[in-house]
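Take a look at the letters that make up each chain.
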Amino acid sequence: MLLHAEIPNRIGNLGSLVETFLPWFGLFVPVLLAGALWRRSAAAVAALLLPVTVWLNLFGGLLDDKSRPDSDLTVAGHNVGAANPDPAGTARDLAASGADVLALEELTQRARGTYEKELAKEYPYHTVMGTVGLWSRLPLSDIRPVDTAMDHGPLADTKPLDVRMADNRALRATVATDQGPLAVYVAHLGSARVNPRAGFWTDSRDRGARALGTAVAAERNERVVLLGDLNGTMDDRAFADLTSRLRSVQEAAGDGFGFTWPATFPMVRIDQILVRGVEPASARVLPATGSDHLPVAAGLSW
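Residues numbered from 1 in each chain as written. Predicted model: local features only at pLDDT ≥ 70, side-chain atom pairs only at ≥ 80, totals over all residues. Heavy atoms only, no water.

1. Side note on the overall build of the chain
Okay, so step 1: Check the secondary structure of the chain and you find 10 helices and 14 strands.
Okay, so step 2: Taking 19 Å as the expected radius of gyration for a compact globule of 302 residues, we find that the chain reaches 20 Å, a close match to that expectation.
Okay, so step 3: C-alpha atoms of the chain, sized along the principal axes, occupy 65 × 50 × 40 Å.
Okay, so step 4: Here the chain holds 302 residues, and 48% of them are scored as buried.
Okay, so step 5: Across the chain, the mean location of the 29 positive side-chain charges is 3 Å away from that of the 34 negative side-chain charges. (Helix = DSSP H or I, 4+ residues; strand = E, 2+ residues; numbered from the N terminus. Rg over C-alpha atoms; globule rule 2.2 N^0.38 Å. Buried < 20%, exposed > 50% of the residue type's maximum accessible area, 1.4 Å probe, protein only. Lys, Arg positive; Asp, Glu negative; His and termini not counted. Charge placed at Lys NZ, Arg CZ, Asp CG, Glu CD.)

Following this line, the structure appears as structure tokens:
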């Protein structure tokens, strides 16, 4: 746990895999404690103070509720799931969350109309680009796609624009708040997979993370919010370009780890809200919908 950054990625992307599940390494402590007690070894029990101290140093700060009741703006994000059997119910649940700005990922052409219909009353402004969309109670402007390098290789540039846009997985828009313009990014990065040949395969995700980091670095607005399914945790070194410029609302103003996937038994937080230039006031995981991800929300202050 202490030297996770020194674990190389050369073989099977092992370092990133360890960092993805880093909090769960604390489960070895009670197992080792049981072994120490079974052997009646006082030295072994005392030695467990080291991993306990390391774990608390890494994650102890997440155990406190750091949220505050007041905020100027509420944002929420959700991978609604391409296989979601109840998009209408999901849309109604999200509208009832009270979010002022709502980002959705993994939208399908079939379900898009349902979300637009169900969210129209609460959110008069919206945009959809490919498989991501943004709904807002406040006016939107300067809307444009963000290239997350999903099309990679010599044939990528040969695809027609309409084909590329159909699979677009990130966008950027400006939200007009009472406190001034807010740059909002919505993103759905490539998947991560574990398999015997490649180990922890994250190639498309990592390219997307670097591209997204470049886009945020070039953003002129000092106030930025990124909402999205990034298919990774913020402990993973692959997101260094983002975590060096943005902060996690869950770490700053949440309660606990805020795991979001899989929805039936959440084990990792891969659905993120990251900010710059605004103050996280609260962060929470919303109740389950028909998706295999849990929605996330945050209150922001100026």
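2. Observations concerning the pairing of strand β4 (residues 132-136)
Okay, so step 1: Of all 5 residues in β4, 5 are buried; the element is thus mostly enclosed.
Okay, so step 2: Strand direction decides the pairing type here: strand β3 (residues 125-129) and β4, joined by 5 bridges, are antiparallel. From the neighbouring strand, His126 faces β4, where its bridge partner is Trp135.
Okay, so step 3: Linkage of β3 to β4, two consecutive antiparallel strands, is achieved through a turn of 2 residues, within which Gly130 is found at a positive phi near 70 degrees. (Pairing = 2+ DSSP bridges.)

3. Some words on helix α6 (residues 109-119)
Okay, so step 1: Of the residues making up α6, those classed as buried are Ala111, Tyr115 and Leu119. When α6 is viewed along its axis, its buried side chains cluster within an angular range of 60 degrees and face the same direction. Seen from the open side of α6, the exposed residues pointing more than 90 degrees away from its buried face are Gln109, Arg110 and Lys117.
Okay, so step 2: In the core, the buried residues of α6 are packed alongside α5 (87-95), β2 (101-105) and β4. (Arc of directions from axis to C-beta. Contact = heavy atoms within 4.5 Å.)

4. Things to note about the nonpolar core
Okay, so step 1: Of all hydrophobic cores here, the largest spans 24 residues; its most connected members are Val75, Leu134, Val225, Ile273 and Leu300.
Okay, so step 2: For this core, the secondary structure elements donating two or more residues are β1 (73-79), β2, β4, β6 (170-177), β7 (180-188), β10 (224-229), β12 (271-276) and β14 (296-301).
Okay, so step 3: If we skip the residues at most four places from it in the chain, Ile273 touches Val75, Val225, Leu226, Leu227, Arg247, Ser248, Val249, Val296, Ala297 and Ala298.
Okay, so step 4: Residues Val146, Ala187, Leu230 and Leu274 belong to the second largest nonpolar core, which totals 18 residues. (Core = buried A, V, L, I, M, F, W, Y, C linked by side-chain atoms within 4.5 Å.)

5. A short note on unusual backbone geometry
Okay, so step 1: In the segment running from Trp261 into Pro262, the intervening peptide bond is cis, with an omega of -10 degrees.
Okay, so step 2: Inspection of the secondary structure puts Pro262 in the loop between α10 (249-253) and β12.
Okay, so step 3: In this structure, Arg40 is a non-glycine residue whose phi angle is positive, near 55 degrees.
Okay, so step 4: With respect to the helices and strands, the residue Arg40 is situated in the loop between α2 (28-39) and α3 (42-47).

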